Amino acid sequence: MLKPFSGNKTSLREIVSSDGPALFKIVGDDRVTKFMSFDSRSREVAQKSADDAVERARKTPRTEYYLAITRVGDDELIGTCRIAFSGVQAAKLGYMVAADHWGNGYATDAVSAILDFAFRQLDRHRITAAIGPENFASQAVAKRLGFSREGVLRDHVFTNGAWRDSVLFSILRHEWLKV
Ligand SMILES: CC(C)(COP(=O)(O)OP(=O)(O)OC[C@H]1O[C@@H](n2cnc3c(N)ncnc32)[C@H](O)[C@@H]1OP(=O)(O)O)[C@@H](O)C(=O)NCCC(=O)NCCS
């Protein structure tokens, strides 16, 4: 079980089963899932994804950290951040914040904390984020944290009834450590 860690505004902790309803408020919200690689989820599917996250967190060796974002000093899940190992010392990054909390710097803060964790504690060399071409808020988060735009992944995801490209962003260990 991972010890919670914090940035300036947010904390990251393990997802627990009782996060299901808070998770549903996010993954069941079209404002959020419009930009994700999946369509909005039902209450039941959201609960199952919280329960599945608890199960996966117990696996050894651990290859995924799907964490709850909370505000510092508050335990309520207001977003999630995920690092999943892939390739050679690489990882894929994903994140989302409840729409009512957008624009407060929470994603920037939480992603910064998980990048630091991934590069310093998990020995990652390269971290990528695949972001929708029109997802300017997410692209702003990636750019502000020092990610570089690599190119376009054509028809990368099938979401909301259509194929959609993604823009691939990456950051390397030495780039992060000198930030
Ligand atoms: C992307 C997301 C996580 C950002 O969360 P957040 O907590 O509001 O992010 P922050 O407040 O840290 O930063 C948002 C940045 O986007 C910018 N932004 C917001 N809306 C924007 C828009 N329409 N166009 C351009 N920039 C925009 C903000 O100005 C800010 O950048 P800045 O700090 O350089 O000013 C949130 O919008 C979200 O959950 N979206 C849906 C899910 C998603 O897209 N996840 C990422 C998938 S790759």
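Residues numbered from 1 in each chain as written. Predicted model: local features only at pLDDT ≥ 70, side-chain atom pairs only at ≥ 80, totals over all residues.

Trainee: Explain helix H1 (residues 20-27) here, please?
Mentor: One turn of an α-helix holds 3.6 residues; hence residues three or four places apart share an orientation. Taken as a whole, H1 has its buried residues at Ala22, Leu23, Phe24, Ile26 and Val27. Against helix H2 (30-33), helix H3 (43-57), strand E4 (79-86) and strand E5 (90-97) lie the buried residues of H1. (Buried ≥ 20, exposed ≤ 12 C-beta atoms within 10 Å, placed from the backbone. Helix = DSSP H or I, 4+ residues; strand = E, 2+ residues; numbered from the N terminus. Contact = placed C-beta atoms within 7 Å.)

Trainee: Just checking my understanding: could you explain the site of the ligand for this structure?
Mentor: In the neighbourhood of the ligand, 22 residues make up the surrounding shell, with Phe35, Ala107, Thr108, Phe136 and Ala140 lying closest. Listed by contribution, the elements that provide at least two residues to the shell around the ligand are E5, helix H4 (106-120), strand E6 (126-131) and helix H5 (136-144). Broken down by element, the shell around the ligand gets its largest block of residues, 6 residues, from H5. Among the residues forming the shell around the ligand, the class breakdown is 15 nonpolar, 6 polar and 1 charged. (Near = placed C-beta within 6 Å. Nonpolar A, V, L, I, M, F, W, Y, C, P; charged D, E, K, R; others polar.)

Trainee: Looking at this model, I keep getting lost on the sheet that holds E4. Mind explaining?
Mentor: By way of backbone hydrogen bonds, the strands of a sheet pair with one another, either parallel or antiparallel. Spatial ordering of the open sheet is given by E1-E2-E3-E4-E5-E6-E8-E7, a layout of 8 strands whose pairing is mixed. The sheet is open, and its two borders are formed by strand E1 (5-6) and strand E7 (148-159), each paired with just one other strand. Relative to strand E8 (residues 162-172), E6 runs antiparallel, the two being bridged by 6 bridges. Bridge assignment links threonine 128 to a residue of E8, and that residue is serine 170. The strands touched by H5 within the sheet are E6 and E8, with E6 carrying the most contacts at an inclination of about 160°. (Pairing = 2+ DSSP bridges. Axes fitted to C-alpha atoms, helices over the stretch in contact; angles between N-to-C directions.)

Trainee: Is there a simple way to explain the packing of H1 against H3 in this structure?
Mentor: The contact between H1 and H3 brings their axes to 8 Å, and the two run at 120°. Considering the angle they form, H1 stands oblique to H3. Pair H1 / H3 crosses with right-handed handedness. In this structure, H1 contributes Gly20, Leu23, Phe24 and Val27 to the contact, and H3 contributes Arg43, Ala46, Gln47, Ser49 and Ala50. Its residues placed into classes, the contact of H1 with H3 shows 5 nonpolar, 3 polar and 1 charged. (Parallel < 35°, antiparallel > 145°, perpendicular 65-115°, else oblique. Left-handed = near helix turned anticlockwise from the far one by under 90°.)

Trainee: Sorry if this is basic, but what is going on with the environment of alanine 90 here?
Mentor: Mapping alanine 90 onto the fold places it in strand E5. Owing to 15 C-beta atoms within 10 Å, alanine 90 belongs among the partly exposed residues under this scheme. Setting aside residues no more than four positions away along its own chain, alanine 90 makes contact with Arg124, His125, Arg126 and Thr128.

Trainee: Even after reading the chapter, I still don't get the pairing of strand E2 (residues 10-14), so can you show me in this structure?
Mentor: Successive side chains on a regular strand alternate, one facing one side of the sheet and the next facing the other. The pairing of E1 with E2 spans 2 bridges and is antiparallel. Its bridge partner being in E2, phenylalanine 5 is matched across the sheet by leucine 12. Once E1 ends, the chain turns through 3 residues before running back antiparallel as E2. In terms of strand pairing, E2 meets strand E3 (residues 64-71) through 5 bridges, oriented antiparallel. Of the residues in E3, the one forming a bridge with leucine 12 is isoleucine 69.

Trainee: Looking at this model, I keep getting lost on the environment of lysine 178. Mind explaining?
Mentor: Here lysine 178 is to be found in the segment after helix H6 (173-177). We classify lysine 178 as exposed; it has 7 C-beta atoms within 10 Å. Lysine 178 sits 110 residues away from alanine 68 along the chain, and the two C-alpha atoms are 27 Å apart.

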